[in-house]
Amino acid sequence: MSNYVFSFRVPSRYAPGPDTAAEWQAWFGGLGAALVDVGHAVTEYASLGEVGGTGSRMIAYSVVSADDIDSALALAKDSPVMRVGGGVEVGPVMEAAGS
């Protein structure tokens, strides 16, 4: 098993609704033992260079454990950002020597 970072992105004009927190809590709960670190929400956004275009912004990150990147993508596919026209960037965590 390896760890994978999920970077959650939403359309730039996205605004959370009244049920947003409950949706995220339910989704995180459904990940079970695969959820390594719930991560944090991103409250402000700025970027340098090309990071997915001007039509989206990062809103949060999490870390999960999965057998491979396809398994990590399968975990990400039901994320609440997918229902609002957003997406999830998924990448393996590289363990640094001595960490």
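Up top you'll find the structure we're talking about.
Residues numbered from 1 in each chain as written. Predicted model: local features only at pLDDT ≥ 70, side-chain atom pairs only at ≥ 80, totals over all residues. Heavy atoms only, no water.

(A) Structural detail: the overall build of the chain. Of the regular secondary structure elements, the chain holds two helices and four strands. Taken over the C-alpha trace, the chain has a radius of gyration of 14 Å; the compact-globule value for 99 residues is 13 Å, and the two agree within 12%. If one aligns the C-alpha atoms of the chain with their principal axes, the spans along those axes are about 40 × 35 × 20 Å. Scored against the burial criterion, the 99 residues of the chain give a buried share of 29%. For the chain, contacts bridging at least 24 residues in sequence account for 75% of all contacts bridging at least 6. Put simply, the chain shows about 6300 Å² of open surface, and 57% of that area lies on carbon and sulfur atoms. Looking at the chain, you have 5 positive and 11 negative side-chain charges, and the mean spots of the two groups are 11 Å apart. (Helix = DSSP H or I, 4+ residues; strand = E, 2+ residues; numbered from the N terminus. Rg over C-alpha atoms; globule rule 2.2 N^0.38 Å. Buried < 20%, exposed > 50% of the residue type's maximum accessible area, 1.4 Å probe, protein only. Contact = heavy atoms within 4.5 Å. Areas by Shrake-Rupley, 256 points an atom, 1.4 Å probe, with all protein chains shown as cover. Lys, Arg positive; Asp, Glu negative; His and termini not counted. Charge placed at Lys NZ, Arg CZ, Asp CG, Glu CD.)

(B) Focus on a nonpolar patch on the surface. On the surface, V5, Y61 and V93 cluster together to form a nonpolar patch covering roughly 190 Å² of accessible area. Within the secondary structure, Y61 sits in strand β3 (residues 56-66). (Patch = residues over 30% accessible without salt bridge, like charges linked within 9 Å, V, L, I, M, F, W, Y side chains within 5 Å. Salt bridge = Lys/Arg side-chain N within 4 Å of Asp/Glu carboxyl O.)

(C) Structural detail: the sheet that holds strand β1 (residues 2-11). The four strands are arranged β2-β3-β1-β4 in an open sheet whose pairing can be described as antiparallel. Two strands in the sheet have a free side with no partner beyond their single neighbour: β2 (35-41) and β4 (87-92). Neighbour-to-neighbour, the strand axes of the sheet open up by a mean angle of 20°, direction not taken into account. As paired elements, β1 and β4 share six bridges and run antiparallel to each other. Paired with Y4 across the two strands is P92, which belongs to β4. This element, helix α2 (residues 69-76), spans β1, β3 and β4 of the sheet and lies at about 155° to β4. (Pairing = 2+ DSSP bridges. Axes fitted to C-alpha atoms, helices over the stretch in contact; angles between N-to-C directions.)

(D) Seen up close, the packing of aromatic side chains. Counted by the stated rule, this structure contains seven aromatic pairs. Plain terms: the ring middles of W24 and F28 are 5.6 Å apart, the flat faces sit at 40° to each other, and that makes the pair tilted. Taken together, the residues span about one helical turn, with W24 and F28 both in helix α1 (residues 20-31) at a distance of four residues. Joined through ring pairs, the aromatic side chains of F6, F8, W24, W27 and F28 make up one cluster. (Phe/Tyr/Trp six-rings, centres within 6.5 Å; stacked < 30°, edge-to-face > 60°.)

(E) Here's a closer look at the pattern of salt bridges. Considering all chains together, one arrives at three salt bridges under this definition. The salt bridge involving E23 is made with R83; its shortest N-O contact spans 3.2 Å. Residue E23 is found in helix α1, and its partner R83 is found in the loop between α2 and β4; the two are separated by 60 residues along the sequence. Linking D78 and K77 is a salt bridge whose minimum nitrogen-to-oxygen distance equals 3.2 Å.

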